Amino acid sequence: SYAELLDLFFSLHDPTTLNRQGPDTGSQYRSVIFVYTPQQQKEALVILEKLRDSGRYQDPVVTEIVEAKMFYPAEDYHQDYYKKHNLKPLCQIPKPAVKGKITH
């Protein structure tokens, strides 16, 4: 479900760091949820408010909710970057989390 996808999103990164994820910095690394429908926006707002009120983080949650616009595939040299450079991805989704319900 969309709610489970959002839950997984928040379990994979720190939503309190502005314009940064791990060693990467810049606005392209901000915590952001792109929504396509009013229902997605509503669900994202509900989960975001619950997360902000949960006390889970010491710092404020800075995740943005933004209307999705035109999407462009990345350039060829960005496609399969980790495979092309024989690197291990920094962010990996644990297989059990994908199969079952994700909770905080």
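Higher on the page you've got the structure.
Residues numbered from 1 in each chain as written. Predicted model: local features only at pLDDT ≥ 70, side-chain atom pairs only at ≥ 80, totals over all residues. Heavy atoms only, no water.

Colleague: Even after reading the chapter, I still don't get the pairing of strand β4 (residues 64-67), so can you show me in this structure?
Modeller: Within a regular beta strand, the side chains point alternately toward one face of the sheet and then the other, so they alternate between its two faces. Pairing geometry for strand β3 (residues 32-35) and β4, over four bridges, is parallel. By the bridge assignment for β4, Val35 is matched with Glu67. The handedness of the β3 to β4 crossover, carried by helix α2 (residues 38-53), is right-handed. (Pairing = 2+ DSSP bridges. Helix = DSSP H or I, 4+ residues; strand = E, 2+ residues; numbered from the N terminus. Right-handed = clockwise from strand over helix to strand, strands pointing away.)

Colleague: Looking at this structure, how should I read unusual backbone geometry?
Modeller: Apart from glycine, the bulk of residues carry a negative phi angle, and the bulk of peptide bonds sit in the trans form. Phi at Asn19 is positive, roughly 60°, even though this residue is not glycine. Following the sequence through the fold, Asn19 ends up in the loop between α1 (2-11) and β1 (20-21). For Asn86, which is not glycine, the phi dihedral falls at a positive 50°. Considering the arrangement of structural elements, one finds Asn86 in the loop between α3 (81-84) and α4 (95-99). Using a relative accessible area of 72% as the deciding quantity, one classes Asn86 as exposed. (Buried < 20%, exposed > 50% of the residue type's maximum accessible area, 1.4 Å probe, protein only.)

Colleague: Help me understand the nonpolar core, please; the structure alone is not making it clear to me.
Modeller: Buried together is how nonpolar side chains tend to be arranged in soluble globular proteins. In this structure, Tyr2, Leu6, Phe10, Ile33, Val35, Ala44, Leu48, Leu51 and Val61 together form the largest nonpolar core, which totals nine residues. For this core, the elements supplying multiple residues, two or more each, are α1, β3 and α2. Once residues within four sequence positions are removed from consideration, Leu51 is found in contact with Phe10, Pro15, Arg56, Tyr57 and Val61. (Core = buried A, V, L, I, M, F, W, Y, C linked by side-chain atoms within 4.5 Å. Contact = heavy atoms within 4.5 Å.)

Colleague: Could you clarify how one ought to interpret the packing of aromatic side chains in this entry?
Modeller: Ring pairs (aromatic) are described by centroid distance and by the angle formed between their planes. Under the counting rule described, the total for this entry stands at two aromatic pairs. Where Tyr81 meets Tyr82, the ring centres are 6.0 Å apart and the plane angle is 85°; that geometry is what we call edge-to-face. Using a relative accessible area of 37% as the deciding quantity, one classes Tyr81 as partly exposed. (Phe/Tyr/Trp six-rings, centres within 6.5 Å; stacked < 30°, edge-to-face > 60°.)

Colleague: Could you clarify how one ought to interpret a nonpolar patch on the surface in this entry?
Modeller: There is a patch of nonpolar side chains on the surface, built from Tyr81, Tyr82 and Leu87 and spanning about 270 Å² of accessible area. With respect to the helices and strands, the residue Tyr82 is situated in helix α3. (Patch = residues over 30% accessible without salt bridge, like charges linked within 9 Å, V, L, I, M, F, W, Y side chains within 5 Å. Areas by Shrake-Rupley, 256 points an atom, 1.4 Å probe, with all protein chains shown as cover. Salt bridge = Lys/Arg side-chain N within 4 Å of Asp/Glu carboxyl O.)

Colleague: How should the side chain of Thr63 be read in this particular structure?
Modeller: Position of Thr63 relative to the elements: it lies in the loop between α2 and β4. Here Ser31 takes part through its side chain, which lies 2.6 Å from a polar atom of the side chain of Thr63. In contact with Thr63, other than residues within four places in its own chain, are Phe9, Phe10, His13, Pro15, Ser31, Val32, Ile33, Leu48 and Arg52. (Polar contact = N/O pair within 3.5 Å; in protein donor to acceptor, adjacent residues only side chain to side chain.)

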